[in-house]
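The primary structure of each chain is shown beneath.
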Amino acid sequence: MIVNTARFVVSNTDYNKCPTEMRHEYAFIGRSNVGKSSLINMLTGHSGLAMTSATPGKTMLINHFLINDSWYIVDLPGYGYARRSKADRDRLEGIIKSYILGREQMTNLFVLIDSRHKPQKIDLEFMEWLGENGVPFSIVFTKMDKQSPTAGAKQTAEYCAQLLESWEELPPVFYTSSEDGRGRDALLNYIEEMNRLPLLDSEQ
Ligand code: GTP
Ligand code: MG
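Residues numbered from 1 in each chain as written. Chains lettered and ligands numbered in written order. Predicted model: local features only at pLDDT ≥ 70, side-chain atom pairs only at ≥ 80, totals over all residues. Heavy atoms only, no water.

Colleague: Just give me the short version of the overall build of the chain, but keep the residues and values in it.
Modeller: Counting secondary structure elements, the chain contains five helices and seven strands. Going from the N terminus to the C terminus, the chain shows its helices and strands as β-β-α-β-β-α-β-α-β-α-β-α. For 204 residues, the compact-globule formula gives about 17 Å, and the C-alpha radius of gyration of the chain, at 16 Å, lands near that figure. When the backbone C-alpha atoms are referred to their principal axes, the chain occupies close to 45 × 40 × 40 Å. Of all 204 residues assigned to the chain, the portion counted as buried reaches 46%. For the chain, the share of sequence-separated contacts (at least 6 apart) that also reach a separation of at least 24 residues comes to 76%. Surface summary for the chain: the accessible area is close to 10300 Å², and the carbon and sulfur share equals 49%. The positive charge centre, built from 22 side chains, and the negative charge centre, built from 26, are 9 Å apart in the chain. (Helix = DSSP H or I, 4+ residues; strand = E, 2+ residues; numbered from the N terminus. Rg over C-alpha atoms; globule rule 2.2 N^0.38 Å. Buried < 20%, exposed > 50% of the residue type's maximum accessible area, 1.4 Å probe, protein only. Contact = heavy atoms within 4.5 Å. Areas by Shrake-Rupley, 256 points an atom, 1.4 Å probe, with all protein chains shown as cover. Lys, Arg positive; Asp, Glu negative; His and termini not counted. Charge placed at Lys NZ, Arg CZ, Asp CG, Glu CD.)

This is how it looks when you write it as structure tokens:
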């Protein structure tokens, strides 16, 4: 898929105030600093679209970006930033979880995992919560440029193997770098395929 246009539309804390049209929507989530905003900029080819920062905790709102005047990318706040107060963390968790459970238009959630890290409890618990709630999601390994191809392949294979110890099957998995553009075509093609599907499933 070619991204011709990408524009910021609105930021919200309450998913009820998000755009009301029924368009396919893909949200990006993961720990603070995992590279959500950078990945969105890489996918859209607009380096300043989503705000990025070397300091964790930059994104605090639900941010909607309209792509090709037809579908949305959503940048969500990161979870688990330890240096935030408990009250702030709880508030952000509330924003994130009510968006995920309440947003009918959300076709798929991309869960970002730093490709250098071993499985962390907070991510495993979050993905378990998604599974329990029937939320469609994919795994996106980020920052693949930060290690050698061999180390990256080994680290991510070990991550997936550990998931398969408790899961029957893996969701789709993507390998990306916002630095060198790795994984861009695979992700955009996947989104393009989902854009062709009817927006709501038969239960609705
Ligand atoms: P919050 O909004 O704070 O939750 O963070 P985020 O997940 O949106 O992360 P962000 O995109 O702001 O990136 C955090 C830091 O990681 C920045 O310094 C980025 O430049 C860096 N970074 C993100 N993706 C990559 C990548 O693929 N490769 C490299 N080398 N650095 C990256
Ligand atoms: Mg961000």
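Colleague: Account for the nonpolar core, naming residues and giving values.
Modeller: Of all hydrophobic cores here, the largest spans 29 residues; its most connected members are Ile100, Leu109, Val111, Phe126, Met127 and Leu130. Per-element accounting of this core gives the leading share, five residues, to helix 2 (residues 86–102). Apart from residues lying up to four places away in sequence, Leu130 is in contact with Ile100, Leu109, Val111, Val135 and Phe137. (Core = buried A, V, L, I, M, F, W, Y, C linked by side-chain atoms within 4.5 Å.)

Colleague: Quick one: what's the story with the environment of Thr156, residue by residue and with numbers?
Modeller: When you line up the elements, Thr156 lands in helix 4 (residues 149–166). If we skip the residues at most four places from it in the chain, Thr156 touches Ser115, Phe141, Met144 and Tyr175. A polar contact is formed between the side chain of Thr156 and the backbone oxygen of Ala153, at a distance of 3.3 Å. (Polar contact = N/O pair within 3.5 Å; in protein donor to acceptor, adjacent residues only side chain to side chain.)

Colleague: Quick one: what's the story with the side chain of Asp75, residue by residue and with numbers?
Modeller: Mapped onto the secondary structure, Asp75 falls in strand 4 (residues 71–75). Despite its burial, Asp75 remains without a salt bridge, the nearest opposite charge being carried by Lys36 at 6.0 Å. Within the structure, Asp75 has its side chain in polar contact with the side chain of Ser37 (distance 2.7 Å). When neighbours within four sequence positions are excluded, Asp75 is seen to be in contact with Phe28, Lys36, Ser37, Ile40, Ala50, Thr59, Leu61, Ile62, Asn63 and Phe65. (Salt bridge = Lys/Arg side-chain N within 4 Å of Asp/Glu carboxyl O.)

Colleague: If you had to explain the pairing of strand 4 to someone new, which residues and values would you point to?
Modeller: Counting buried positions over the five residues of strand 4 gives five, a clear majority of the element. Where burial is concerned, the two faces of strand 4 agree: the one with Trp71, Ile73 and Asp75 and the one with Tyr72 and Val74 are both buried. In this structure, strand 2 (residues 25–30) lies alongside strand 4, joined through four bridges in parallel fashion. Across the sheet, Phe28 pairs through a bridge with Asp75, a residue of strand 4. Taking the residues that link successive antiparallel strands as the turn, the strand 3 (residues 62–67)-strand 4 hairpin has three residues, and the phi of Asn68 there is positive, at about 50 degrees. (Pairing = 2+ DSSP bridges.)

Colleague: Can you tell me about the packing of aromatic side chains, naming the residues and giving the values?
Modeller: Inspection of every chain in the model, using the stated rule, returns 12 aromatic pairs. Geometrically, the ring pair formed by Tyr26 and Trp71 is edge-to-face, given 5.6 Å between the ring centres and 85 degrees between the ring planes. Here Tyr26, found in strand 2, pairs with Trp71, found in strand 4; they are 45 residues apart in sequence, far enough to count as distant. Exposure class is identical for Tyr26 and Trp71. Each is buried. Judged by centre distance (5.0 Å) and plane angle (25 degrees), the rings of Phe28 and Phe110 are stacked. Remark: Phe110 occurs in strand 5 (residues 106–114) and Phe28 occurs in strand 2; sequence separation between them is 82 residues. We classify Phe28 as buried; its relative accessible area is 0%. (Phe/Tyr/Trp six-rings, centres within 6.5 Å; stacked < 30°, edge-to-face > 60°.)

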